Amino acid sequence: MERENISSGSSFEKAFGYSRAVKVGQTVYVSGTVGIDYQTGTCDPDPTAQLRQAIRNIEPALTQAGASLKDVVQLTTYVTSAEVFQTIGPVLGEIFGDILPTNAALVVGFPVPDVKVEISAVAVVGCAT
């Protein structure tokens, strides 16, 4: 089975030795992705804006792997507090409500200032409903 490493060009990937996503067979594993705008290097303080940006950061890797958000079967949502999860939950429902992947939510601390949300995902190419 062939492995394809997919990079977003983020400086974090090179500095910390990881890929934005790795495709093995028809499965795509997406690294934890935060809501930093890679073009500007900024991170909006609003958690819902961070979530939306994280999704925008994930989508090109999925596309490069031949997948889309509709192929996502599993999410892991990392947040800085339960309150942040309550805030972003409706946005997750808006984005993934018709897809209904599994999801685990974890409260964590981030090593990057201002980050409140991180998303990792697993997608299976071609399984869109």
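The structure reproduced in this document is the subject of the present report. (Residues numbered from 1 in each chain as written. Predicted model: local features only at pLDDT ≥ 70, side-chain atom pairs only at ≥ 80, totals over all residues. Heavy atoms only, no water.)

A complete count under the given rule lists 2 salt bridges for this structure. Taking the shortest distance from any N to any O, the salt bridge between E13 and R20 comes out at 3.1 Å. Here E13 falls in the buried class, since its relative accessible area comes to 3%. Ionic pairing is found between R52 and E94, a salt bridge with its closest N-O pair at 3.0 Å. Within this pair, whereas R52 is found in helix α2 (residues 47-64), its partner E94 is found in helix α3 (residues 82-96), the two being separated by 42 residues in sequence. A relative accessible area of 54% means that E94 is categorised as exposed. (Salt bridge = Lys/Arg side-chain N within 4 Å of Asp/Glu carboxyl O. Buried < 20%, exposed > 50% of the residue type's maximum accessible area, 1.4 Å probe, protein only. Helix = DSSP H or I, 4+ residues; strand = E, 2+ residues; numbered from the N terminus.)

Once that is clear, we can look at the side chain of T76. Its location among the elements puts T76 in strand β6 (residues 72-79). Among the residues examined, T76 registers a relative accessible area of 13% and is labelled buried. Here T76 is in contact with N103, A104, L106, E118, I119 and S120, once residues within four sequence places are set aside. (Contact = heavy atoms within 4.5 Å.)

What follows covers the sheet that holds β6. Spatially, 6 strands are ordered β1-β2-β3-β8-β6-β7 in an open sheet, and the strand pairing comes out mixed. The strands lining the two open edges of the sheet, one partner per strand, are β1 (3-6) and β7 (102-107). Between one strand axis and the next, the sheet turns through 10° on average, direction left out of account. Across 7 bridges, the pairing between β6 and strand β8 (residues 117-124) is antiparallel. Its bridge partner being in β8, Y78 is matched across the sheet by E118. Its contacts with the sheet place α2 against β1, β2 (21-24), β3 (27-34), β6 and β8, and it is angled at close to 150° to β3. Contacts between α3 and the sheet are confined to β6, β7 and β8, with β6 contributing the most and set at about 155° to the helix. (Pairing = 2+ DSSP bridges. Axes fitted to C-alpha atoms, helices over the stretch in contact; angles between N-to-C directions.)

Glancing now at the layout of surface pockets. Rolled over the atoms, a probe with the dimensions of a water molecule shows which regions are left empty. By volume, the largest pocket amounts to about 230 Å³. Along the walls of the largest pocket sit 14 residues, with Y18, G32, V34, V112 and E118 positioned nearest its centre. Mapped by element, the contributors of at least two residues to the lining of the largest pocket are α1 (11-16) and β3. At 3 residues, the largest contribution of residues to the lining of the largest pocket is made by β3. For the lining of the largest pocket, a count of residues per class yields 9 nonpolar, 3 polar and 2 charged. By volume, the second largest pocket is sized at about 160 Å³. (1 Å grid on protein atoms, 1.4 Å probe; cavity = no way out; pocket = protein on both sides within 12 Å on 5 of 7 lines; lining within 4 Å. Points joined across faces, edges and corners; volume = space filled by probe spheres on them. Nonpolar A, V, L, I, M, F, W, Y, C, P; charged D, E, K, R; others polar.)

Let's shift gears to the nonpolar core. Core analysis: the largest hydrophobic core is formed by 27 residues, its most contacted members being V28, L51, L62, V72, F96 and I119. Of all the secondary structure elements, the ones that give two or more residues to this core are β3, α2, β6, α3 and β8. Filtering out sequence-adjacent residues up to four positions away, F96 remains in contact with I55, L69, V72, L75 and P101. Within the second largest apolar cluster, 5 residues are counted, among which are V34, I36, C43 and V115. (Core = buried A, V, L, I, M, F, W, Y, C linked by side-chain atoms within 4.5 Å.)

All quantities given are derived from atomic positions and should not be read as evidence of function.
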